[in-house]
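What follows is the residue order along each chain.
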Amino acid sequence: MNSEMSLRVPTARRRLKCHNLSWEEVETAARKILTATSENLGIDQRWTFNYHYYAMRAAPTIVLRAKHRNLPHAVAVKYLHQTDGRLISRAKSEFAMLCELHAKLDPKHRSIVARPFASTRHGYACEWVHLPRMKTVLLASAFSASRRQRCIATAATNLRLMHDALGVRTKPLNTDAQIERLKSSGGASLAWSSAVEKFVELSHGFDGQMIPHGPVHADFTPGNILFGPKRSVIFDFGRTHKNGPTYSDMTYFLAYVIAYCTIGTNRTLQSRIHEDVHTFMNAYGNQNVDDQEVIYYTYLAHILRRWGRHEAKSLDTNRSFHLRAYDRFAAGRMEHLCARVMRHCF
């Protein structure tokens, strides 16, 4: 088994050093994961891999790119360099969800997730997908409405395939839980409290409405979707649970899309929200007007939660001045967005 550092050796060594790791330690763990992969696939141990990527300075995962002469595609080796039990269980649940989706999806639709290969206590191996993130495509196409709509429709289609594979049932919407979760976000200003009171009044019209419940990705954003002309892949299933309101993923995704597409557009917020929600629901296969109203309701709840969290963080004296200033700015943006959503969507 051959191994090597990336061509940018100094950068790779610095990144490993910030985690107090050596290349030898990473290589040893990667060998164990690839050994399990070879046994599952019935191939020899002649792997070539290199240090490739890590998400952020505090990320618990280091990703290596491995190649084998008998495989037509590369393999992503995700090594957990932290021993936190919560992170280990999250990685195990992510691999288990990949296996379940790959087994239950129709063969012609299995391309929406990376193919899993093997898992050990050090991490797991899955198919390497060389595509840009949808977030990058959206940011690069602020002036292209057609490309943005294609991204939204693709995400909705993939989400529907995931729901069909794992099963969805209808349950009544629990507005009391939404309100309690909202009040615990930490907002304290008079404007935030007034907005919450208006949200509570709106909740009376949605209480008990039947909505779909099933698998929830819990981090379904354009940053966790790989997007290309012929294939799109959902990843990062570490927070996924199987019993929740499926509209939360739709709201989470649309909130980020609207945020990414505000620069360089002349459309009003009202037309942008209505158009994006309509595109998503049509691609998902649901054109019920009442369900679109639930999307607006959960979207407003999402904005209010973010507003409250940013407010609470801006008052935390243990954080730096710059972080608190950013949170004050973000809270102001959420306040402005909340007022406009209440005005145009209800």
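Residues numbered from 1 in each chain as written. Predicted model: local features only at pLDDT ≥ 70, side-chain atom pairs only at ≥ 80, totals over all residues. Heavy atoms only, no water.

A. A look at the overall build of the protein chain. Helices and strands together make up the secondary structure of the protein chain, namely eleven helices and eleven strands. Across the 346 residues that make up the protein chain, the buried fraction comes to 49%. By sequence separation, contacts in the protein chain at least 24 residues apart represent 70% of the contacts at least 6 residues apart. Approximately 17300 Å² of the protein chain is accessible, and the part contributed by carbon and sulfur atoms is 52%. (Helix = DSSP H or I, 4+ residues; strand = E, 2+ residues; numbered from the N terminus. Buried < 20%, exposed > 50% of the residue type's maximum accessible area, 1.4 Å probe, protein only. Contact = heavy atoms within 4.5 Å. Areas by Shrake-Rupley, 256 points an atom, 1.4 Å probe, with all protein chains shown as cover.)

B. Quick peek at the confidence of the model for the protein chain. Confidence in the prediction for the protein chain averages 84 pLDDT; 87% of positions are at 70 or higher. Mean pLDDT across the elements of the protein chain ranges from a minimum in strand 1 (residues 2–4), with 47, to a maximum in strand 10 (residues 232–234), with 95. Considering only residues more than four positions removed or in separate chains, one finds that residues 3–9, a stretch of pLDDT under 50, has 16 contacts. (pLDDT = per-residue confidence, 0-100.)

C. Layout of the nonpolar core. One finds Leu101 and Phe253 to be the most contacted residues of the largest nonpolar core, which totals 73 residues. It is helix 10 (residues 289–314) that contributes the most residues to this core, ten residues altogether. Those residues within four positions of phenylalanine 253 in sequence are excluded, and the remaining contacts are Met134, Cys151, Ile152, Ala155, Phe220, Thr221, Pro222, Ile225 and Phe280. Within the second largest apolar cluster, 20 residues are counted, among which are Val26, Ile43, Leu71 and Tyr79. (Core = buried A, V, L, I, M, F, W, Y, C linked by side-chain atoms within 4.5 Å.)

D. Quick look at the pairing of strand 3 (residues 61–68). Direction of pairing for strand 3 relative to strand 4 (residues 75–80): antiparallel, over a ladder of six bridges. Looking at the pairing, valine 63 lines up with lysine 78 of strand 4. Where strand 3 hands over to strand 4, the hairpin turn is made up of six residues, counted between the paired strands. (Pairing = 2+ DSSP bridges.)

E. Looking closely at the state of the cysteines. Across all of its chains, the model carries zero disulfides by this definition. Counting only cysteine sulfurs, cysteine 99 is the nearest neighbor of cysteine 126, a cysteine outside any disulfide, at a range of 10.0 Å. On the basis of relative accessible area, cysteine 126 is assigned to the buried category, the value being 5%. (Disulfide = S-S within 2.5 Å.)

F. Region of the structure containing the side chain of serine 314. Tracing the backbone shows serine 314 in helix 10. Residue serine 314 is classed as buried on the basis of its relative accessible area, which comes to 10%. Residues in contact with serine 314, not counting those within four places in the same chain, are Arg324, Asp327 and Arg328.

G. Molecular detail of the pattern of salt bridges. Summed over the entire model, instances satisfying the criterion amount to eleven salt bridges. One salt bridge connects lysine 78 with glutamate 94, and the closest N-O pair in it is separated by 3.9 Å. Pair noted here: lysine 78 is in strand 4 and glutamate 94 is in helix 3 (residues 85–104), with a separation of 16 residues, a long-range link. A salt bridge links lysine 104 to glutamate 100; the shortest N-O distance between them is 2.9 Å. Residue lysine 104 and its partner glutamate 100 are located together in helix 3, separated by four residues, close to a single helical turn. Among the residues examined, lysine 104 registers a relative accessible area of 46% and is labelled partly exposed. Residue glutamate 100 is classed as buried on the basis of its relative accessible area of 19%. Beyond isolated ion pairs, a larger network of salt bridges with shared partners links Glu100, Lys104 and Lys242. (Salt bridge = Lys/Arg side-chain N within 4 Å of Asp/Glu carboxyl O.)

H. Summary view of the sheet that holds strand 8 (residues 210–216). Spatially, 7-8-11 is the arrangement adopted by the three strands of the open sheet, whose pairing is antiparallel. Edge positions in the sheet fall to strand 7 (169–172) and strand 11 (241–245), since each of these pairs with one other strand and no more. Neighbouring strand axes in the sheet, compared pairwise and without regard to direction, differ in orientation by 40 degrees on average. Where strand 7 and strand 8 come together, four bridges link them in antiparallel fashion. Bridged to threonine 170 within strand 8 is proline 212. (Axes fitted to C-alpha atoms, helices over the stretch in contact; angles between N-to-C directions.)

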